[in-house]
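What the coordinates show
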Amino acid sequence: MMLSRSRTGSVKPYFPKTHNGYTVQPTNSIRGFPPIPCTAAMKTRNSIHSILILTACGFFTGSAYGKPDQEGAEYIPKVMNLGQVRLMTPEQVDAAGKLLNPSTIPKRRAPRSASLSAWVSPQLSGPVFEGTNNDDRTESDPPDTEGAAGFDHFAEIVNDRVDIFQTYANGQTLDRPILKKSIDHRAFFGLPKIPRGSLFDGRVLFDNHQNRWIFVVSNQSNTQRAQLALAISKTADPLGAYYLYRYALPPGAARGANFWDFPMLGENKDAIFISGEMYGGRRGDIYKTTSLLILPKAMVYKGRPLQGAFFKDLKGPLATPIVLDDNPNAFFLAAEDGQNLHLFKGTNLGNIIRVRVRLQAKIKVPDYQAPNPVAQPGTDITLDPSDFRFVNAGTQFGNSLWNIHTIKRADHASPRFYELDTASNAVKQSGFFKTSDTSDDFNASIAANPYGEAFVTWTSVDAAAGIAPRMVFSGFSGGQYGEIPGIVQGTVLYTSAFSYLGDLQDQQRWGDYSAVSLDPRAYSMPFGTCEAGRRAWIINEKVNRPDSWGSTIGRIGFC
């Protein structure tokens, strides 16, 4: 369900049309990126693969052999030069604590075959601190809170803002992480002429295959084609220099689309993935296509003019994976029809000529439907828990693909996770998370590691018990599939003192995102070493005042 949102200022109610069960929202009329000049210096058609290679802004469309919903249907991309690249070095900041040289950063270790922990769920294992809020650093509402952990820093991105916190220095985790940089999207992405509030739906991840930071935002425009801005760090230091890319989809990529909604970001050893749903029309309420953009790291990590492969007519919203191992293939997942999970397989991902995506399987799961609006204590104003989409990237390693979404369970919202076997197209294990028997639990994210351990965070509200929005975490360890209970309860990290009333409309936006990010650093312990990935950083939204949101960041772990 595409959600009603206002990109600047307060939330505005809207009762939109629907497309395939997803509710779409209006857009504001705001100026977008300047157009990218067409150079059209080269047009080469490969007759075998029907791929048109263009520079700058040529015409291209995605296509598929067979019906888009047919298992085994192979999607053939069109290849394009996406736009201009510039190098930005941000202003100098106070860098207390010596930063690691990327060449000295320890690589990930091979997983152990035995279970590593007797704990049922992760425990708090690090600092808990305040993230961004809309009191003093941003005016956007809702925030779309997202974050990722690197070796020494945690980066948070919300609508209109990037905050970077130092979390580690002098061989120790900081008890009080230091805010090192707070910068609006226009300045961070090197686009000072973009109006405030027009850059939104940001995503961030730390690629510990090559120790880089990746940031992406969408741009909303009623007059131009759907656009994205991308920032890639040159090193493992998020306070250093970036390669900045900006581009608009060429005509024909998704004809008439001027709005790339709910982008999702993932990666494997060879490529970066950005999925999204394209909307157009005067109000931005006409669904065009679900798209997937695949960018080879060999080009983007060297600051070269950017080429990528664009796919359309996929199922959506499409969750991208974060691939932990060196698997050259990647699996993309959509919860779209209320009965199945659509599993797509991408191959040759670092080669824009040979890259392919196909619908590998429709995996039957217990029926699911969107949850009801979430009641809050002391008010008739409800929260919108979104629908049954996956709100963040999944985790992939070996034949396992993990993800989580919120669905209706009895009369409550409840997150249901899946571990899928991508070799057999089967569900290895699945279960629900909740905080109490009367709580509504939603806006969930999950990350798993190769040791059979999973980390989860979500938002919980319990109107019957008089409890305002809470940030909750849980997970499980074991390594023996099927041992977890059908419902796993959570640990409360933070409880808001107020219900969220926003602008006093009947229903308020919440989210749309939360995030779990595996800690890439290994830690020395009195009894040995806590391996990289056995701790995770979580981030979620909270309520500072009835009309003001904030965010909380914390680290949890199995050691």
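Please refer to the structure higher up on the page.
Reference entry: report on the structure contained in this document. Fair warning: this is a prediction, and the values are worked out from it, not measured in the lab.

Here the residue pair G316 and P317 is connected by a cis peptide bond, since its omega of -5 degrees sits within 30 degrees of zero. With respect to the helices and strands, P317 occurs in the loop between β21 (307-311) and β22 (318-319). Positioned with a positive phi, D144 is a non-glycine residue whose angle comes to about 55 degrees. By secondary structure assignment, the location of D144 is in the loop between β9 (123-130) and β10 (146-149). In the Ramachandran plot, D201 falls in the positive-phi region, its phi being about 55 degrees despite a non-glycine side chain. Here D201 lies in strand β14 (residues 199-207).

Our focus in this paragraph is the state of the cysteines. Inspection of the entire model under this criterion finds one disulfide. Two residues share a disulfide in this structure: C530 and C559, whose sulfurs sit 1.7 Å from each other. Across the S-S bond of C530 and C559 the torsion is about 55 degrees, and the bridge reads as right-handed. With C530 in strand β40 (residues 528-530) and C559 in the segment after β42 (548-557), this pair connects stretches of sequence that are 29 residues apart. Classification of C530 by relative accessible area gives buried; the value is 1%.

With that settled, the discussion passes to the sheet that holds strand β38 (residues 515-518). Taken in spatial order, the four strands make up an open sheet running β9-β42-β41-β38, and their pairing is antiparallel. At either margin of the open sheet sits one strand with a lone partner, and together these are β9 and β38. Each strand of the sheet is rotated relative to its neighbour by a mean of 25 degrees, with strand direction disregarded. Note: β38 against strand β41 (residues 535-545), four bridges, orientation antiparallel. Across the sheet, the residue bridging to S517 is W537, located in β41.

Thresholds applied
- Residues numbered from 1 in each chain as written.
- Predicted model: local features only at pLDDT ≥ 70, side-chain atom pairs only at ≥ 80, totals over all residues.
- Heavy atoms only, no water.
- Helix = DSSP H or I, 4+ residues; strand = E, 2+ residues; numbered from the N terminus.
- Disulfide = S-S within 2.5 Å.
- Buried < 20%, exposed > 50% of the residue type's maximum accessible area, 1.4 Å probe, protein only.
- Pairing = 2+ DSSP bridges.
- Axes fitted to C-alpha atoms, helices over the stretch in contact; angles between N-to-C directions.

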